[in-house]
Amino acid sequence: MEQLIKAGEIKLVKSNEVTFSKFGIDLPKLDRIPYDTSKTYDKLQNIGVKFVRLQSGWQKCEKEKGKYDFTWLDEIVDNFLKRGIQPWITLAAGNKLYSKKAEDVFGAIGIPPIFSEEEKEGWRNFCKAIAKHFKGRVNMFEIWNEPDMNWCWKHGASGKEYGSLVIETCKAVREENKDAYMIGGSMACKESVWWLEEVFQTGAGKYLNAISYHIYSPNQMLSPQATRNFKAIFDKHNLSLDLIQGEQGCPSNGKGHGALCKGIWNEYKQAKMLLCRQVTDLALDLKFTSWFSTVDLIEGLNGNNHDLKSHLDYGYFGVLSANFDENGVSVGEFEPKKSYYAYQYLCGLLGKNFVRNENVPILPFKDNYSELIYDIPVQPEELEITMFKKENGSWGASYFKRGNILQNDFESVTSLLVDYDYTKLRIVDPMTGLIYKIPEECAKKHIDGVYKLFDIPVKDYPLFLVTEDFIE
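Residues numbered from 1 in each chain as written. Predicted model: local features only at pLDDT ≥ 70, side-chain atom pairs only at ≥ 80, totals over all residues. Heavy atoms only, no water.

## Examining the sheet that holds strand E22 (residues 463-467)
Here six strands make up an open sheet; going across it, the order is E1-E19-E18-E22-E16-E15 and the pairing antiparallel. Looking at which strands have only one partner, the edges of the open sheet turn out to be strand E1 (5-9) and strand E15 (383-389). With direction set aside, neighbouring strand axes in the sheet form an average angle of 25 degrees. Here four bridges tie strand E18 (residues 425-429) to E22, and the two strands are oriented antiparallel to one another. Counted as the bridge partner of Arg-426 is Val-466 from E22. (Pairing = 2+ DSSP bridges. Helix = DSSP H or I, 4+ residues; strand = E, 2+ residues; numbered from the N terminus. Axes fitted to C-alpha atoms, helices over the stretch in contact; angles between N-to-C directions.)

## Observations regarding the pattern of salt bridges
In a structure, side chains of opposite charge can pair up when their charged atoms sit close to one another. Summed over all chains, the structure comprises 29 salt bridges. For the salt bridge of Lys-389 with Glu-358, the shortest nitrogen-to-oxygen distance reads 3.9 Å. Taken together, the positions of Lys-389 in strand E15 and Glu-358 in the loop between helix H9 (338-350) and strand E14 (362-364) put the pair 31 residues apart, joining distant regions of the chain. The structure contains a network of salt bridges with shared partners spanning Asp-26, Arg-53, Glu-142 and Glu-247. (Salt bridge = Lys/Arg side-chain N within 4 Å of Asp/Glu carboxyl O.)

## Re H9
In a regular helix each residue adds 1.5 Å, so 13 residues correspond to 18 Å; H9 covers 19 Å between its end C-alpha atoms and thus fits that length. Taken as a whole, H9 has its buried residues at Ser-339, Tyr-340, Ala-342, Tyr-343, Gln-344, Tyr-345, Leu-346, Cys-347, Gly-348, Leu-349 and Leu-350. Gly-351 occupies a position one or two residues after H9 and carries a positive phi of about 90 degrees. (Expected span 1.5 Å × (residues − 1). Buried < 20%, exposed > 50% of the residue type's maximum accessible area, 1.4 Å probe, protein only.)

## Considering the side chain of Asp-460
Structurally, Asp-460 can be placed in the loop between strand E21 (450-459) and E22. Judged by its relative accessible area of 4%, Asp-460 is buried. For Asp-460, the side chain forms a polar contact with the side chain of Lys-272, separated by 2.9 Å. Once residues within four sequence positions are removed from consideration, Asp-460 is found in contact with Gln-220, Lys-272, Cys-276, Phe-400, Lys-401, Ile-405, Asn-408, Asp-409 and Phe-410. (Polar contact = N/O pair within 3.5 Å; in protein donor to acceptor, adjacent residues only side chain to side chain. Contact = heavy atoms within 4.5 Å.)

## What to know about unusual backbone geometry
The omega torsion across Phe-292 and Ser-293 is 10 degrees, close enough to zero to call that bond cis. By secondary structure assignment, the location of Ser-293 is in the loop between strand E9 (289-291) and strand E10 (297-298). Not every positive phi belongs to a glycine, and Trp-144 is a case in point at roughly 70 degrees. Summarising the element assignment, Trp-144 is placed in the loop between strand E5 (140-143) and helix H5 (159-176). On the basis of relative accessible area, Trp-144 is assigned to the buried category, the value being 1%. The phi angle at Asp-455 is positive, at roughly 55 degrees, despite the residue not being glycine. You can see Asp-455 is positioned in strand E21.

That is the geometry; function is a separate question.
In structure tokens, the structure reads:
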């Protein structure tokens, strides 16, 4: 970046200042891990996200048959609402009051209420109660978490069984809130398009407003492929459904558990992956995209209630770090990681109003040599570009070189052709928040109003080339 001229820093935005955005975050495992959520409220507001995913936990809400305590969830929901963040609630996990198998399983994870009429009736009553209680505050409800995988459907994943649960859940919720926005799927695997086909064969699709999916992969470009596959199934069944990226993330070190846990991660690599994934998702036709997660927590997917060690499987997926006590509870001050600041700068750059994914007057072109790197610059086919416009007519484009983030720390240059006065363009680095001007020696007039830009920095995470008024 040394060839550029520093010109300022991104102005941050708080969630309550944002009119609309497609960025969200997960605040997970509320149903089974008692961490202090109050330490997250202001920090998430200061990132600028607009959606937060919460898990209700049937067993935590109903500890005596027919009596529901949503007090703990009220406090969380209300605190986010007053900070300009919209909660959406995942209805998930079993209840030992109704399912004997849930007595042994930590958090009753993966014990669906489908084996007896008592279980089914208990589940329907719970769904009606939570929909009624939060009507006017929470309108989006997701049905179960990762039911396409055996860890969350422990007797063996079944699209047919899940489809039946979707139908019964949607009916129950809409008895109390006829306008409820119902989300199905919550799929953990990109290959679950075939599991989803089985779900839709039950007729469950016509009860839903959206399908959510999760992508955990070191490949930054997996999400576009997955969305195409899911939309093909929608078309086959003549369904008009929204798509939501409900979880995607990676750890900040390789010493824990959970998805991608064996990688040689660090905070910088986690931040790079966040920027790549969240920016790439903006190019897709998604309702919103959610990063996993807020704070470091134990994973607890295969825990046994009679063996504490079985669920002390620490995960380091948070944009906030935490310490753990002897019971696996996240304690201490939740400190921002590099990924926190990167997400904050990204939200600040995109600003207070929704940005549209549209073509803009920028074109990469092949160049033969650069003295800055004593080599050939990054070529157009190596770049991943996403283009944006704002309501005020300003435009910008993110660009990065695709590659393996775990293996490389890439920095080079590329060449761009722009139909705009280069003196009114800026390059923005969302990792650092810094804004740069393009120096005269990096620009050459091509034709009137059109310039060739040389030695423009490129990395393996998104940098932005934007018009001056794109920056608020």
